[in-house]
Structure formats: C-alpha cells, structure tokens
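# Analysis of the macromolecular model
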Amino acid sequence: MDIKEIQNLIKFVAKSGASEVKLEMDDIKITIKTGSDQETTAVHYAPVAPQIPQMQAPVAETKATTEVPAAVAPAAENSKYITIKSPIIGTFYRKPSPDKPLFVEVGQTIAEGDVLCIIEAMKLFNEIESEVSGKVVKILVDDSSPVEFDQPLFLVDPS
C-alpha cells in the first residue's frame, strides 16, 4: 500500500463519518479514528498473520448537547447564513501562493464552483470550492492555521 492509497483511505473515512476504521493486511496495520476532540491516524508496519482485510461499518454517534442561553443569540443571528466547512484536516490558506491575491474576501460575491481557499494535507494542496452562491459574510479561520474535519471556514449569505 503506497502513500496515495493511504491518503485516499483517510479522505474516504473523513467523508464517510465513520468513527473508527481498522485495516490489516500482510505487513501493514492501519487504524483511523475520528472524533470531535481528536483525530488520529496510526500506521504500523509489523509482521501480521495473513488475514482477510476487514473494515468496520460506519457507526453514527449521537451526542447530547446543552446550550447556554447566551450562546443562543449568536446562533440565531447566524442562522440565515450557510456555513462552509472543511472537508479534510490540514492547513488553511487564503491564497494560492504568498505572492498571489486572496481567493475571496469578506463582502465578495461568490458562485458555485469558485475556489474559496486551499487546504494542505500531507503535502497535497486541495482547492476548496464553493457549493453555494452568495456573499461572503465572515471568514472564520486565519490564514496558515490548522483546521479540523468539519470545522466551519466561511459564512455565506445566500440571498
């Protein structure tokens, strides 16, 4: 299994919403765990008795949340906006390179398919495209900051 296959497996697990996946092959063991507090990817190269690769089915977890009344006001204020979230773990960049202009700025109108930012994951630069049209209201992440899977990146006013 090469690094590209491992990267594709991590992306697949991140998109599927599975909380944990274990994969064991001839000389490789891979465990990918995702959770709200931490995300861990462990790759072990160790001799293992030959087995048939097994993947656990995605398990949906339900978590009870308690909201404080003070937190309800900002949530209600932002409810008319669409939140664009990070599809992967990595480092958030607002421009394609240091000498280039920003992809988007607050107040800018965007269309579906417009590139909003780049997220670098394992030396791969992934362009994040908009799935909605509207006006960028707020950029929630600083340039060159680490981001988690499903972390809010932008608020967009669809009207």
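Overview of the structure. What you are looking at is a predicted structure, and each value in this text was computed from that prediction instead of being measured. The numbering scheme is per chain: residues are counted from 1 as the chain's sequence reads. It should be noted that, the model being predicted, local features are given only for residues of pLDDT at least 70 and side-chain atom pairs only at 80 or more, the latter also being counted only at that level, while totals for whole chains, interfaces and linings use all residues. Where side-chain values are given, they derive from all heavy atoms of the structure, hydrogens and water being excluded.

## Regarding the sheet that holds strand S7 (residues 115-121)
Keep this limit in mind: DSSP bridges decide pairing: two strands pair if at least two such bridges lie between them. Counting from the N terminus, the helices are DSSP H or I runs at least four residues long and the strands are E runs at least two residues long. Axis angles are defined between N-to-C directions and span 0 to 180 degrees, where every axis is a line fitted to C-alpha atoms and, for a helix, only to the segment in contact.
Spatial strand order, S8-S7-S5-S10: four strands in an open sheet with antiparallel pairing. Across the chains shown, the open sheet's two edge strands, defined by having one partner strand only, are strand S8 (124-129) and strand S10 (145-147). Between one strand axis and the next, the sheet turns by 40 degrees as a mean value, whatever way the strands run. The pairing of S7 with S8 spans six bridges and is antiparallel. In the sheet register, Ala121 faces S8, and the bridge partner there is Leu124.

## As for the sheet that holds strand S4 (residues 82-85)
Taken in spatial order, the four strands line up as S4-S11-S9-S6 in an open sheet, and their pairing is antiparallel. Pairing within the sheet leaves two strands with one partner each, and these edge strands are S4 and strand S6 (109-110). Pairing geometry for strand S9 (residues 134-139) and strand S11 (residues 152-157), over four bridges, is antiparallel. Considered in S11, the bridge of Lys135 is made with Asp157.

## Things to note about unusual backbone geometry
The cut-off we apply is this: Burial classes: relative accessible area under 20% of the type maximum marks a residue as buried, over 50% as exposed, and values in between as partly exposed (1.4 Å probe, protein chains only).
One non-glycine residue, Met122, lies in the positive phi region at around 55 degrees. By relative accessible area, which is 45% here, Met122 ends up partly exposed. Positive phi is not limited to glycine here, since Lys123 has a value of about 65 degrees. Looking at the secondary structure, you find Lys123 in the loop between S7 and S8. The class of Lys123 is exposed, set by a relative accessible area of 70%.

## Some details on the pairing of S11
With five of six residues buried, S11 is to be regarded as a mostly interior element. Here S4 runs beside S11; their pairing, made up of four bridges, is antiparallel. Across the sheet, residue Ile84 finds its bridge partner in S11, namely Phe154.

## So, the nonpolar core
How we decide: To define a nonpolar core, start from buried Ala, Val, Leu, Ile, Met, Phe, Trp, Tyr and Cys residues and group those joined through side-chain atoms within 4.5 Å. We call two residues contacting when some pair of their heavy atoms lies within 4.5 Å.
Grouped together as the largest cluster of nonpolar side chains are 18 residues, with contacts concentrated most on Phe92, Cys117, Ile119, Leu153 and Phe154. No other element matches the four residues that S7 contributes to this core. Among all residues touching Phe92, those that are not within four sequence positions of it are Cys117, Ile118, Ile119, Ile139, Val141, Asp142, Asp143, Ser144, Ser145, Val147, Leu153 and Phe154. With 10 residues, the next largest nonpolar core counts Ile10, Ala18, Ile28 and Ile30 among its residues.

## Points about the environment of Leu155
With respect to the element layout, Leu155 can be found in strand S11. Overall, the relative accessible area of 6% leaves Leu155 in the buried class. Taking the C-alpha atoms as reference points, Leu155 and Ser79, separated by 76 residues in sequence, lie 10.0 Å from one another.

## Section: the side chain of Arg94
Convention followed: As used in this structure description, the phrase polar contact means that two N or O atoms lie within 3.5 Å; if the pair is within protein, one of them must be able to donate a hydrogen and the other to accept it, and residues adjacent in sequence are counted only when both atoms belong to side chains.
With respect to the element layout, Arg94 can be found in the loop between strand S5 (90-93) and S6. Here Val104 takes part through its backbone oxygen, which lies 3.0 Å from a polar atom of the side chain of Arg94. Once residues within four sequence positions are removed from consideration, Arg94 is found in contact with Leu102, Phe103, Val104, Glu105, Ile139 and Asp143.

## Remarks on the packing of aromatic side chains
This is how the line gets drawn: Stacked, tilted and edge-to-face pairs are distinguished by plane angle, under 30 degrees for stacked and over 60 for edge-to-face with tilted covering the rest, among Phe, Tyr and Trp rings (Trp via its six-membered ring) whose centres lie within 6.5 Å.
Evaluation of the coordinates by the stated rule reveals two aromatic pairs. Ring geometry for Phe92 against Phe154: centres 5.9 Å apart, planes inclined by 55 degrees, an arrangement best described as tilted. Highlighted residues: Phe92 in strand S5 and Phe154 in strand S11, separated in sequence by 62 residues. Accessibility classification places Phe92 together with Phe154 in one group, the buried group. Arranged with centres 6.4 Å apart and planes meeting at 40 degrees, the rings of Tyr93 and Phe125 form a pair that is tilted. You can see Tyr93 sitting in strand S5 and its partner Phe125 sitting in strand S8, a full 32 residues away along the chain. Given a relative accessible area of 24%, Tyr93 falls into the partly exposed group. We classify Phe125 as exposed; its relative accessible area is 53%.

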